[in-house]
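Each chain is listed here by its residues.
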Amino acid sequence: MSGQPPSPTRRRLLMAAPLVVAGGVGVGFWRMLSGMTKGSFDPHDIHAPALNRPVPDFALPDQAPGSGFSAQDLRALKAPVLVNYFASWCIPCVAEMPVLNALKEKLPIWGIAYKDRPEHALGFVQRAGNPYARIAADRDGLAAIDWGVSGVPETFLIGPGGVIRWHTASPITETMITRTIMPLADSLKS
């Protein structure tokens, strides 16, 4: 380079690039906001490619003696079960525990402690009430990656044969139970 200033065309391109990027971001936000006003945008809605597919291969150790589980256990099911990823350090997990404790009478719930120390996870379920029929530990979070988990709490409804039938990336609510989870679980019972 001989120290000459950039050509006018190059300067225009360099000046236009940030404007194009900002325009693209603006269009994306506009679409999201317009979807929210129409009621068609749900930030918790997960369009997981895993829906209606078998659970991923995994085997997790127990969090409490005799309660770990694997993909084989879920594939052997003859009735639906809810699989709930939780952590003792997760505030929304604390908030959903009373709802899960009420739901356990209607539908079995298996818990997976996500990136948590065993003593912390066990203390958490002892304090909050234990809604889980079985608890496994995903200490390194690798099984969660295969499941498509983006954070906690996340919950999956597993149908007979170990097929993922429903998924949410938000705390379970009474509305979810009455409108979605229980009607779908009842339709999956053989």
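For clarity, every value in this text was computed on a predicted model and none was experimentally measured.

Rules of the game
Residues numbered from 1 in each chain as written. Predicted model: local features only at pLDDT ≥ 70, side-chain atom pairs only at ≥ 80, totals over all residues. Heavy atoms only, no water. Phe/Tyr/Trp six-rings, centres within 6.5 Å; stacked < 30°, edge-to-face > 60°. Helix = DSSP H or I, 4+ residues; strand = E, 2+ residues; numbered from the N terminus. Buried < 20%, exposed > 50% of the residue type's maximum accessible area, 1.4 Å probe, protein only. Pairing = 2+ DSSP bridges. Axes fitted to C-alpha atoms, helices over the stretch in contact; angles between N-to-C directions. Patch = residues over 30% accessible without salt bridge, like charges linked within 9 Å, V, L, I, M, F, W, Y side chains within 5 Å. Areas by Shrake-Rupley, 256 points an atom, 1.4 Å probe, with all protein chains shown as cover. Salt bridge = Lys/Arg side-chain N within 4 Å of Asp/Glu carboxyl O.

**Q** Which parts of the structure should I look at to understand the packing of aromatic side chains?
**A** What describes a pair of aromatic rings is the distance from one ring centre to the other and the angle between the planes of the rings. Scanning the entire structure with this criterion turns up nine aromatic pairs. The interplanar angle of 15 degrees and the centroid separation of 4.9 Å between the aromatic rings of F86 and Y132 together place this pair among those described as stacked. Here Y132 lies in the loop between α4 (118-128) and β5 (134-138) and F86 lies in strand β3 (residues 81-86), a separation of 46 residues in the sequence. We classify F86 as buried; its relative accessible area is 0%. A network of ring pairs unites the aromatic residues F58, F69, Y85, W89, W110, Y114, W147 and F156 as a single cluster.

**Q** What is the right way to look at the environment of P98 in this model?
**A** You can see P98 is positioned in helix α3 (residues 91-103). For P98, a relative accessible area of 55% puts it in the exposed group. For the pair P98 and G129, spaced 31 residues apart in sequence, the C-alpha separation works out to 7.9 Å.

**Q** Would you mind going over the sheet that holds strand β7 (residues 163-168) with me for this structure?
**A** Within a sheet, adjacent strands bond to each other through the backbone by hydrogen bonds, running parallel or antiparallel. The five strands are arranged β5-β4-β3-β6-β7 in an open sheet whose pairing can be described as mixed. Edge positions in the sheet fall to β5 and β7, since each has one partner strand and no second. Taking the axes of each pair of neighbouring strands and ignoring which way they run, one obtains an average angle of 20 degrees across the sheet. In this sheet, strand β6 (residues 154-159) lies alongside β3 in antiparallel orientation, the contact comprising five bridges.

**Q** Even after reading the chapter, I still don't get a nonpolar patch on the surface, so can you show me in this structure?
**A** Together, V21, V25 and F29 make up an exposed nonpolar region whose accessible area comes to about 290 Å². Tracing the backbone through its elements, the reader meets F29 in helix α1 (residues 8-38). Residue classification places F29 among the partly exposed residues on the basis of a relative accessible area of 48%.

The analysis is restricted to geometry; functional conclusions fall outside its scope.
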